[in-house]
Amino acid sequence: MESRDDLWMLAGLPLRSRLIVGTARYPSVSVMLDALEASGTELTTVALRRVSPGSSQENLYDLLTARGFRILPNTAGCYTAKDAVLTAHLAREALGTPLIKLEVIADDETLLPDIVQLLDATRSLVREGFTVLPYTNDDPVTAKRLEDLGAAAVMPLAAPIGSGLGIRNPHNLTLIRSRVRIPVIVDAGVGTASDVAIAFELGCDAVLLNSAIARAQEPVRMARAIRHAAVAGRQAFLAGRMPQRLLADPTSPMAGRIDPNAAPIS
């Protein structure tokens, strides 16, 4: 379904699918794996504490890699730059990848990012050779600062994590896309397929989501719908939408229309 001539690059990694799908909160492991397949994703995000490479028992890492998915570890559950940096090092050692989705959360209620700690952690991890993908708010200034620090992408939220509220501030996402050169990946808050389509219509490069699929009544069907929405939204962006107007613009020509006041033809 994804176009072969629309590959995108994430820190040197060529990807065809523009969806990054999480692995938490599914009703079962089998549903999770089926949903990942249905979404078409090539890259899945996993909290480090949920994998145990080298264990004698079957684990999430083995299940995902056996299906051909690439792993994007994240620092979920970290509240300070120090904890996030430590978690990133553990992930790199355990999984053998410099990729890290960087989350530094301010509090348990909003799950919004702590920007001061996020910037500090990004600075440290980039210096230590990590490929940093920071989860951030939808602030264009912060996004630019993250790019200047060497982040490989910026991941602004659409709405609070797990809320399903959809894109609350499309204007800011458009500003972010216009101001940074690195990929813009919408992360958190999308709730259904139309939210994903809108993100791509705004010009975002990818969407990372989890709850929208995992908590749907039929996760596999929702994953399939979101896959279609991603393609539709991306194609709409590439096609270029028509200009918006405040007033109507008739589609039929005005010339030659019937004039009820015209004199009858004799």
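The structure this text deals with has already been given above.
On to the environment of Thr65, then. Here Thr65 is to be found in helix H2 (residues 60–66). Of the residues examined, Thr65 reaches a relative accessible area of 33% and is grouped as partly exposed. When the C-alpha atoms of Thr65 and Ala223 are compared, they prove to be 19 Å apart, with 158 residues separating the residues in sequence. Only 2.9 Å separates the side chain of Thr65 from the backbone oxygen of Tyr61, close enough to count as a polar contact.

Our focus in this paragraph is the pairing of strand E3 (residues 19–22). Covered by surrounding structure in E3 are Leu19 and Val21 together with Ile20 and Gly22, the residues of both alternating faces. Of the strand pairs in this sheet, E3 and strand E10 (residues 206–209) are connected by three bridges, and their pairing is parallel. Counted as the bridge partner of Val21 is Leu209 from E10. In terms of strand pairing, E3 meets strand E4 (residues 43–47) through three bridges, oriented parallel. Among the inter-strand pairings, Gly22 is bridged to a residue of E4, identified as Thr45. As for the winding sense of the linkage, the β-α-β connection from E3 through helix H1 (residues 29–39) to E4 is right-handed.

Before going further, it helps to examine the pattern of salt bridges. By the definition in use, this model includes eleven salt bridges. Asp187 serves as the salt-bridge partner of Lys101, at 3.1 Å between the closest nitrogen and oxygen. Of this pair, Lys101 sits in strand E6 (residues 99–102) while Asp187 sits in strand E9 (residues 185–187), placing them 86 residues apart in sequence. Glu147 serves as the salt-bridge partner of Arg181, at 3.8 Å between the closest nitrogen and oxygen. With Arg181 in the loop between helix H6 (170–179) and E9 and Glu147 in helix H5 (residues 140–149), this pair connects stretches of sequence that are 34 residues apart.

Right, let's talk about the packing of helix H3 (residues 81–95) against helix H4 (residues 115–127) for a bit. Viewed as axis vectors pointing N to C, H3 and H4 meet at an angle of 35°, and their least axial separation amounts to 8 Å. As for the relative orientation of H3 and H4, their crossing is right-handed in sense. Side by side, H3 and H4 meet where Ala81, Ala84, Val85 and Ala88 of the first sit next to Gln117, Asp120, Ala121, Ser124 and Leu125 of the second. Residues belonging to the contact of H3 with H4 are distributed by class as follows: six nonpolar, two polar and one charged.

Residues spaced three or four apart along an α-helix point in a common direction, a consequence of the helix completing one turn every 3.6 residues. Residues of helix H7 (residues 193–201) that are buried include every one of Ala193, Asp195, Val196, Ala197, Ala199 and Phe200, and no others. Packed against the buried residues of H7 are E3, E9, E10 and helix H9 (219–239). Immediately downstream of H7, the backbone of Gly203 shows phi near 100°, a positive value.

Within strand E5 (residues 70–74), four of the five residues are buried, which leaves it mostly tucked inside the rest of the structure. Two elements, E4 and E5, share five bridges in a ladder whose sense is parallel. Of the residues in E5, the one forming a bridge with Thr45 is Leu72.

A word on the packing of aromatic side chains. For any two aromatic rings, the description comes down to two numbers: the centre-to-centre distance and the angle of the planes. Counted by the stated rule, this structure contains zero aromatic pairs. If you follow Arg92 out to its NZ or CZ, it ends over the ring of Phe130, 3.8 Å from the centre.

Quick notes on the rules
- Residues numbered from 1 in each chain as written.
- Predicted model: local features only at pLDDT ≥ 70, side-chain atom pairs only at ≥ 80, totals over all residues.
- Heavy atoms only, no water.
- Helix = DSSP H or I, 4+ residues; strand = E, 2+ residues; numbered from the N terminus.
- Buried < 20%, exposed > 50% of the residue type's maximum accessible area, 1.4 Å probe, protein only.
- Polar contact = N/O pair within 3.5 Å; in protein donor to acceptor, adjacent residues only side chain to side chain.
- Pairing = 2+ DSSP bridges.
- Right-handed = clockwise from strand over helix to strand, strands pointing away.
- Salt bridge = Lys/Arg side-chain N within 4 Å of Asp/Glu carboxyl O.
- Axes fitted to C-alpha atoms, helices over the stretch in contact; angles between N-to-C directions.
- Left-handed = near helix turned anticlockwise from the far one by under 90°.
- Contact = heavy atoms within 4.5 Å.
- Nonpolar A, V, L, I, M, F, W, Y, C, P; charged D, E, K, R; others polar.
- Phe/Tyr/Trp six-rings, centres within 6.5 Å; stacked < 30°, edge-to-face > 60°.
- Lys NZ or Arg CZ within 6 Å of the ring centre and 35° of its normal.

No statement about biological role is implied by the geometric values presented.
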